[in-house]
Amino acid sequence: MPDAPSHADLANAIRALSMDAVQKASSGHPGMPMGMADVATVLFQRFLRFDPTDPSWPDRDRFVLSAGHGSMLLYSLLHLTGYADMTLDELKRFRQLGSKTAGHPEHGHASGIETTTGPLGQGLANGVGMALAERHLAARFGDAIVDHRTYVIAGDGCLMEGISHEAISLAGHLGLSKLVVLFDDNHISIDGPTELTVSDDQLARFRASGWYVDRCDGHDPEAIAAAIERAQAAEQPAMIACRTTIGFGAPTKAGTADAHGSPLGDEEIAGARAQLGWPHPPFEIPAPILEAWRAIGARGREARVAWEARRDAMAADARARFERALSGDLDPALGASVAQAKAALIEAKPNKATRAASGDALGVIGEVVDELVGGSADLTGSNKTRAKGMGVLDKSSYGHRYVHYGVREHAMAAAMNGMALHGGVIPYGGTFLVFTDYCRPAIRLSALMSQRVIYVMTHDSIGLGEDGPTHQPIEHLAALRAIPGLAVFRPADAVETLECWQLAVEREGPSVLALTRQNVPTIRAGGDPSANLCRRGAYVAHGDGGARDVTILATGSEVHLAIAAAEQLATQGKRAAVVSAPCLELLAEQPAAYLEEVLGAAPRLSVEAASTFGWAPWVGERGRSLGIDRFGASAPAEELYAYFGLTPDAIASAALELIG
């Protein structure tokens, strides 16, 4: 009877598939998969709990390839362990249009890809979010139902990126002991040896942030296994520095930057096959080796079936809440709660900042949607992101729902992506709108992955006043609106703020709520409180719906100014309709008939205390945009609005010029 495939046979299958796919594509990164093949083999064979026949099993371990350029490592593992949609043909179509095997892993393209990675460090922070979501749900539903680990493979580049500092610090502070980072310590980056650019003691760095740290030979399976066992026993998040050789097995390129980001070439691949003892043709995996890998894939089935039995034994109410949280469905009571609160707002007509109204809205929605888990980047009082009764989520109270992220905007945003990807929570987080610059890589990935993440961004214009141009967003709304799939909400009053919060919670995609520091009056005078007028992106907020001489489109804190201008115009016999446009992305989705009804045929004037970039399609060739196409200034808000020509008088004057 032939011997069972050895560890080397299993690891070399990954190496062969990786170098063959990169060579066939004439593009890719073979070095990292070849270097980390031993570590990945030990992880999947002995530790990772997963079941390819049920890729969305909620209590599976999460595996994140933060070093996403090494995507063939992940694709090879998915194919070898038996994920049905990761066929050999998909590996042969690596990096080709329409394939599941994109250059960097893309969540949703194939089962088993837990997150989209490639921008270095993002996956590491995603892993922190996944581990945080796991601990939160375990506290809510019990360890019998939620008890799994998150494993992250990260490279030198991930740890050089600034986001890694924030993510490591946050994970250590929160004591996320179910998180294990496997550091591909190969001492090589694109430019050459890492000694060219970095001399950090990574173990000391992690240890200083409260992590358990360890080292191992990344090509010794027993040493790898022993290190992972020690990490699992730790009461802190764990980092293992796995000393590896990039391009392991390549005769002349192993251990060099030449193995990193381009095909090895036919001659080098032939040499690698000889050196590794892998005589098989490209893309051919001998049956015994493939069967051994498929057995590894089948290893978690028993645990999954046992988990299903425990789930089925849950009390009916607890199981219903658990399954609703995982499905992303919202409590049906949400609509009635919002309508009741909205009716009270319409009657009370508060004059308050939309950031304060957002805090109120969060209280209303959070009482019904207990999946909401939020926080702020050290701006809780300013962002109004902590509703009454929300306890602080920390390592002694994972079941609470408010996270103090500290001044870590990068990690906060990326961790929220990880939480959303994990499932069972709807994450939100706050900072100032100007600091979306710090969050932007993660916001972009939220949109790319269509994840329900809510960014609560306050102090949204020159209306924040004296803090000046460093804190006054000008170009930010336009830049955010340029991200495909992102909904940017800029509500005009407390009623719209509640409506926009409802839409953000309901959306299957990310949202930004841009909120004022300064008070604004209520513009909604009546109507059916069960109807969400913001749902279509814009609506006529002022005007009788008849013929008009001009249409004024405005957002946020400029809507009430536009209404005041329209009232001035009326005294001069000019009919102006004011359209509140809290979400241009939703407006763009509306049918032509609705756009004609709301926007009308008269000349259009847009008004927004921000860059005018992006308004041209809405105002048309006959229209004009009032905004701020330079940086702001330090002064009281009222003076700044007058200085930049954003007053009722200035708006009315511009409208009259359009009317002619």
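Further up the page is the structure itself.
As a starting point, this report considers the structure included with it. (Residues numbered from 1 in each chain as written. Predicted model: local features only at pLDDT ≥ 70, side-chain atom pairs only at ≥ 80, totals over all residues. Heavy atoms only, no water.)

## Some points on the overall build of the protein
Then, in step 1: Secondary structure assignment for the protein yields 26 helices and 20 strands.
Then, in step 2: For the protein, whose C-alpha radius of gyration is 28 Å, the value lies close to the compact-globule estimate of 26 Å for 660 residues.
Then, in step 3: Taken across its 660 residues, the protein has 60% of its residues classed as buried.
Then, in step 4: Counted over contacts in the protein with a minimum sequence separation of 6, partners at least 24 positions apart contribute 77%.
Then, in step 5: Here the protein displays about 24,000 Å² of accessible surface, and carbon together with sulfur accounts for 51% of that area.
Then, in step 6: Here the protein contributes 57 positive and 78 negative side-chain charges, whose respective centroids are spaced 3 Å apart. (Helix = DSSP H or I, 4+ residues; strand = E, 2+ residues; numbered from the N terminus. Rg over C-alpha atoms; globule rule 2.2 N^0.38 Å. Buried < 20%, exposed > 50% of the residue type's maximum accessible area, 1.4 Å probe, protein only. Contact = heavy atoms within 4.5 Å. Areas by Shrake-Rupley, 256 points an atom, 1.4 Å probe, with all protein chains shown as cover. Lys, Arg positive; Asp, Glu negative; His and termini not counted. Charge placed at Lys NZ, Arg CZ, Asp CG, Glu CD.)

## What about the pattern of salt bridges?
Then, in step 1: The tally for this structure, following the rule as stated, stands at 33 salt bridges.
Then, in step 2: Residues Arg273 and Asp20 are paired through a salt bridge, measuring 2.8 Å at the closest nitrogen-oxygen approach. Here Arg273, found in helix H10 (residues 266-276), pairs with Asp20, found in helix H1 (residues 7-25); they are 253 residues apart in sequence, far enough to count as distant. We note that Arg273, like Asp20, is buried.
Then, in step 3: As a salt-bridge pair, Glu608 and Arg481 come within 2.8 Å of each other at their nearest N and O atoms. (Salt bridge = Lys/Arg side-chain N within 4 Å of Asp/Glu carboxyl O.)

## As for the side chain of His79
Then, in step 1: Checked against the element boundaries, His79 lands in helix H3 (residues 71-81).
Then, in step 2: In terms of polar contacts, His79 uses its side chain to reach the backbone carbonyl oxygen of Met86, at 2.9 Å.
Then, in step 3: Those residues in contact with His79 that sit more than four places away from it in its chain are Leu17, Met86, Thr87, Leu88, Leu91 and Arg294. (Polar contact = N/O pair within 3.5 Å; in protein donor to acceptor, adjacent residues only side chain to side chain.)

## Some thoughts on the pairing of strand E2 (residues 150-155)
Then, in step 1: Most of E2 is tucked away: six of the six residues are buried.
Then, in step 2: On E2, burial covers both faces: Thr150, Val152 and Ala154 on one face and Tyr151, Ile153 and Gly155 on the other are all buried.
Then, in step 3: Direction of pairing for strand E1 (residues 62-65) relative to E2: parallel, over a ladder of four bridges. Bridge pairing in E2 places Leu65 opposite Ile153. (Pairing = 2+ DSSP bridges.)

## Some words on the packing of aromatic side chains
Then, in step 1: Within the structure shown, the criterion is met by 11 aromatic pairs.
Then, in step 2: Arranged with centres 5.7 Å apart and planes meeting at 85°, the rings of Tyr428 and Trp501 form a pair that is edge-to-face. You can see Tyr428 sitting in strand E11 (residues 426-432) and its partner Trp501 sitting in helix H20 (residues 494-506), a full 73 residues away along the chain.
Then, in step 3: You can call Tyr428 buried: its relative accessible area is 0%. (Phe/Tyr/Trp six-rings, centres within 6.5 Å; stacked < 30°, edge-to-face > 60°.)

## Concerning the nonpolar core
Then, in step 1: Leu176, Leu179, Trp211, Met239, Tyr455 and Leu480 are the most contacted members of the largest nonpolar core, which has 71 residues in total.
Then, in step 2: Those residues in contact with Trp211, other than ones at most four positions away along the chain, are Ile168, Ala171, Gly172, Leu179, Val181, Phe206, Gln236, Pro237, Ala238 and Met239. (Core = buried A, V, L, I, M, F, W, Y, C linked by side-chain atoms within 4.5 Å.)

## Overview of unusual backbone geometry
Then, in step 1: If you check the backbone angles, Ser450 has positive phi at about 55° while not being a glycine.
Then, in step 2: Along the chain, Ser450 turns up in the loop between helix H18 (436-449) and strand E12 (454-458).
Then, in step 3: The phi torsion at His459 lies on the positive side, around 55°, for a residue other than glycine.
Then, in step 4: Mapping His459 onto the fold places it in the loop between E12 and helix H19 (476-481).
Then, in step 5: For His459, a relative accessible area of 4% puts it in the buried group.

## Re the sheet that holds strand E3 (residues 179-185)
Whenever strands of a sheet pair, they do so through backbone hydrogen bonds, lying parallel or antiparallel.
Then, in step 1: Strand order in the open sheet formed by five strands is E1-E2-E3-E7-E6, and the pairing between neighbours is parallel. Each having just a single partner strand, E1 and strand E6 (212-217) make up the two edges of the open sheet. Each neighbouring strand pair of the sheet contributes to a mean axis angle of 20°, computed without reference to strand direction.
Then, in step 2: By the bridge criterion, six bridges tie E6 to strand E7 (residues 238-243) in an arrangement that is parallel. Bridge pairing links Val213 to Met239 in E7.
Then, in step 3: Here H3 sits on the sheet in contact with E1 and E2, set at roughly 145° to E1.
Then, in step 4: Set on the sheet, helix H5 (residues 122-141) makes contact with E1, E2 and E3; between it and E2 the angle comes to about 165°. (Axes fitted to C-alpha atoms, helices over the stretch in contact; angles between N-to-C directions.)

## Comments concerning the packing of helix H15 (residues 354-368) against H20
When two helices pack together, their arrangement is given by the angle between the helix axes and the distance between those axes.
Then, in step 1: Where H15 meets H20, the closest approach of the two axes is 9 Å, and the angle between their N-to-C directions is 50°. On the basis of the axis angle, H15 is oblique to H20. For the element pair H15 and H20, the recorded crossing hand is right-handed. Taking contact as the criterion, the partners of Thr354, Ala357, Ser358, Ala361, Leu362 and Ile365 in H15 are, on H20, Ala494, Thr497, Leu498, Trp501, Gln502 and Val505.
Then, in step 2: When its residues are assigned to classes, the contact of H15 with H20 shows eight nonpolar, four polar and no charged. (Parallel < 35°, antiparallel > 145°, perpendicular 65-115°, else oblique. Left-handed = near helix turned anticlockwise from the far one by under 90°. Nonpolar A, V, L, I, M, F, W, Y, C, P; charged D, E, K, R; others polar.)

## A closer look at helix H7 (residues 162-174)
Then, in step 1: The terminal C-alpha atoms of H7 lie 19 Å apart, and with 13 residues this matches the ideal 18 Å at 1.5 Å per residue to within 8%.
Then, in step 2: Counted residue by residue, H7 has 10 buried out of 13 residues, so it is predominantly covered.
Then, in step 3: Those residues of H7 that fall on the buried side of the exposure criterion are Ile163, Ser164, Glu166, Ala167, Ile168, Ser169, Leu170, Ala171, Gly172 and Leu174.
Then, in step 4: Residues of H7 that are buried sit in contact with H5, helix H6 (156-160), E3, helix H8 (202-208) and helix H17 (409-422).
Then, in step 5: Phi turns positive, to about 65°, at Gly175, one or two residues after H7. (Expected span 1.5 Å × (residues − 1).)

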